[in-house]
Each structure stands twice: as C-alpha cells, then as structure tokens.
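Residues per chain, in single letters:
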Amino acid sequence: MIDVSISGERHGQINLKVNLNTPEIKQSAKIWLPYPISNNEQLIEDIKIEGNFINSAVYKQPESGTLYFFAEWNKAEQEKRLEFRFKVKAKERIVRNLMDTGVDIPVEIKKYLLPDWWIPTDGEVAEIANGIQQGKSGILEKARARYDWVIENTKRDPNIRGCGLGIVEVTLAKRSGKCADLSSVYVALARNIGVPAREVFGLRLGKKADQDITGDYHCWAEFYLPGTGWVPVDPADVRKIMLVDNVKLVDVQEIREYYFGGVDQYRMVLERGGRGIKLQASQESKPLNYLMYPYAEINGKALDYFDPENFRYSVHFKQL
C-alpha cells in the first residue's frame, strides 16, 4: 500500500513575461516555454497566453511526454512580447513506509535505466557506484545509498549560474555543483546499478504573498520503486541548507530524512526526464540540454537563458 501524505499546499498565480527586443528590426525570433500540466502533485488552471507573435502551438516531446509552448515573430516586429499566465496549486508530497516488493520493473519504466550522453553510467560513475554497492541489495537500499553518497561527497557551488548544466563528469571532477548538477549525478549513479531514476525540472513558488521568482528554478530527482511508484529525492536541497545556514551534516539529519521521499509544496513541476531535446517547430541550434527555462532563438542563434538581463524575461508569483 502506497503511503503518500499531503500536509501542505501552495496556491498562486504565475506570470511569465518575455520581451525579445532585437537589436535590428529585420530579425526573426522563436521561443519555447515549458507548458505545465496537472497531476497528482499540482493543479494547473486558467492558462492564458498573450503577445504580438504571429504563430504559436503546443507540442509534446516524444521521449519524456513533456508539453511545451512555441511562438514566433516575424521580422517586422522589433519588440517581441509574450505573457504566459496560469494558476497553480502545488501539494507537499511525502511518500513514506517505502517497501521494495521485488517485482519486475515495468517495461515503460526501463528507459530510465539507460545511459546517454547526459547521463553516463560508465567510467567514474561505475567506479563510484561499485563502491557504494557493497552490502546493499534491492532497489530501495541502493537508491538510499546513492542519495547518501551525493549528500556526503558533494557540495553546493553558489558561483555556478542558474541551476547548472547537469554534466555528470564535470560535477564529479569538482565534487560540487548546483541542483541540476547534483541531481544528474544521483540519476547516473542510480541507473548504473539498476535503479530507474530521472531528473525533475521545476520552479520554486514564492513564500511571500507577492514575489519575483525569476531566479527560483530548481531541479531534483526521482527513483522508481516497484510496488510504490516514483519516489522524490532532493540531495541538492540538503547541501543548499548546509551552505546557507552554515551547518554540518550532523545538523541536517531531519531535513536529510525529509528529502528522501518528500518534497515541499513550494515547488511545481515543469518537465521530467528530458535531456538533449530537439524541439519541434524548426529549432535551428543544437539540441537543448533540458527544458526548464524559457528558450529562444534570434535569427537561429540561441539566447543564453541563464542571463535574463540580456534575454529579457521575468517570472512573478502572487499568492491566491
């Protein structure tokens, strides 16, 4: 029996504004935005999209099932505007009384065991995983051991832009990174030893009644436990609390337990498990690392979504 408790909710309106003020009037522009959907953890309502774009559509990413919104502007508009609004009600999700039933992993889940360029399972990943593996059996024990390893052997690097790039080899070499980096390491270590796992890309909801959340994108992870389903884990937030509060591992035991099987209500999901995405509607640059931030191209050249001053967008939260 799955034990999922809900003890908190966060209800508000998200307002994402984009202004692609191109240097020259004769420049075309395209943009892709995560299109959030309702699920057991969140309710998305009253989506409204406005702007002076000429074409738009909603597409689905085949591998991950992620939805995203596409819009484009012609060369006649120098100021290219878009506003994306919706209401969200996010729930705290705590999965407890975890039990490894030992049943087979469903066929549709097995793709989350496979390595790729973004999530390698050989090399240093394999060496570390073999060390963690000693004395561990079953998916639950293996998943917990990898969670503990990331917390105990990596640190948060506040100087990395945004959520990081999630390049596993780079993060392991430095033993530090941001949330996408540490989450990707967890997923790679889990997949190496037969634990299905994936990243979750999302957005932190404001804790104030009215708050700018442009810099509050966040990434965590999930592993699949047969008989239970997907279980959230967030080793990166444990390391963030340690850094922000200037405390040691011994001081975060309670929060460490919380984030193995639990995530708070101050976050919403934008995408799960998609890496190296080739976007529909004529994306001209290389495949996208992950779709969490707004992504745009001017005359076929990708803008830096880690730089909202030059790629002008803002995200605002208002409590309802």
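This text follows the structure it describes.
Described in the following lines is the structure provided in the data block. (Residues numbered from 1 in each chain as written. Predicted model: local features only at pLDDT ≥ 70, side-chain atom pairs only at ≥ 80, totals over all residues. Heavy atoms only, no water.)

Digging into the sheet that holds strand E14 (residues 229–233)
Here's step 1: Spatial ordering of the open sheet is given by E14-E13-E11-E16, a layout of four strands whose pairing is antiparallel. The open sheet terminates on both sides in strands that have one partner only, identified here as E14 and strand E16 (267–272). Taken pair by pair, the neighbouring strands of this sheet meet at an average axis angle of 40°, ignoring direction.
Here's step 2: Sheet analysis places strand E13 (residues 217–225) next to E14, joined by five bridges and oriented antiparallel. Bridged to Glu-222 within E14 is Pro-232. (Pairing = 2+ DSSP bridges. Helix = DSSP H or I, 4+ residues; strand = E, 2+ residues; numbered from the N terminus. Axes fitted to C-alpha atoms, helices over the stretch in contact; angles between N-to-C directions.)

Side note on the pattern of salt bridges
Here's step 1: Evaluation of the coordinates by the stated rule reveals 19 salt bridges.
Here's step 2: The salt bridge involving Arg-85 is made with Glu-83; its shortest N-O contact spans 3.4 Å.
Here's step 3: The partner of Arg-175 in a salt bridge is Glu-124, with the nearest N and O atoms 3.1 Å apart. Taken together, the residues span a long stretch of sequence, with Arg-175 in the loop between helix H3 (168–174) and strand E10 (176–177) and Glu-124 in helix H1 (residues 124–133) at a distance of 51 residues.
Here's step 4: Residue classification places Glu-124 among the partly exposed residues on the basis of a relative accessible area of 34%.
Here's step 5: Among the charged side chains, a salt-bridge network with shared partners connects Arg-144, Asp-148, Glu-152, Arg-256 and Glu-257. (Salt bridge = Lys/Arg side-chain N within 4 Å of Asp/Glu carboxyl O. Buried < 20%, exposed > 50% of the residue type's maximum accessible area, 1.4 Å probe, protein only.)

Here we look at the side chain of Arg-239
Here's step 1: Here Arg-239 lies in helix H5 (residues 235–245).
Here's step 2: Glu-152 provides the closest opposite charge to the buried, unpaired Arg-239, separated from it by 8.6 Å.
Here's step 3: A distance of 3.1 Å separates a polar atom in the side chain of Arg-239 from the backbone oxygen of Thr-154.
Here's step 4: Discounting residues that sit within four places of it in the chain, Arg-239 has contacts with Ile-151, Thr-154, Lys-155, Arg-156, Leu-182 and Leu-249. (Lys, Arg positive; Asp, Glu negative; His and termini not counted. Polar contact = N/O pair within 3.5 Å; in protein donor to acceptor, adjacent residues only side chain to side chain. Contact = heavy atoms within 4.5 Å.)

What to know about the nonpolar core
Here's step 1: With 95 residues, the main nonpolar core has Ile-14, Leu-82, Tyr-186, Tyr-217 and Phe-223 as its most contacted residues.
Here's step 2: Ranked by residues supplied to this core, first place goes to helix H4 (residues 179–192) with nine residues.
Here's step 3: Look past the residues within four positions of Tyr-217 in its chain and what remains in contact with it is Leu-16, Cys-163, Gly-202, Leu-203, Leu-270, Met-292, Tyr-293, Pro-294, Tyr-313 and Val-315. (Core = buried A, V, L, I, M, F, W, Y, C linked by side-chain atoms within 4.5 Å.)

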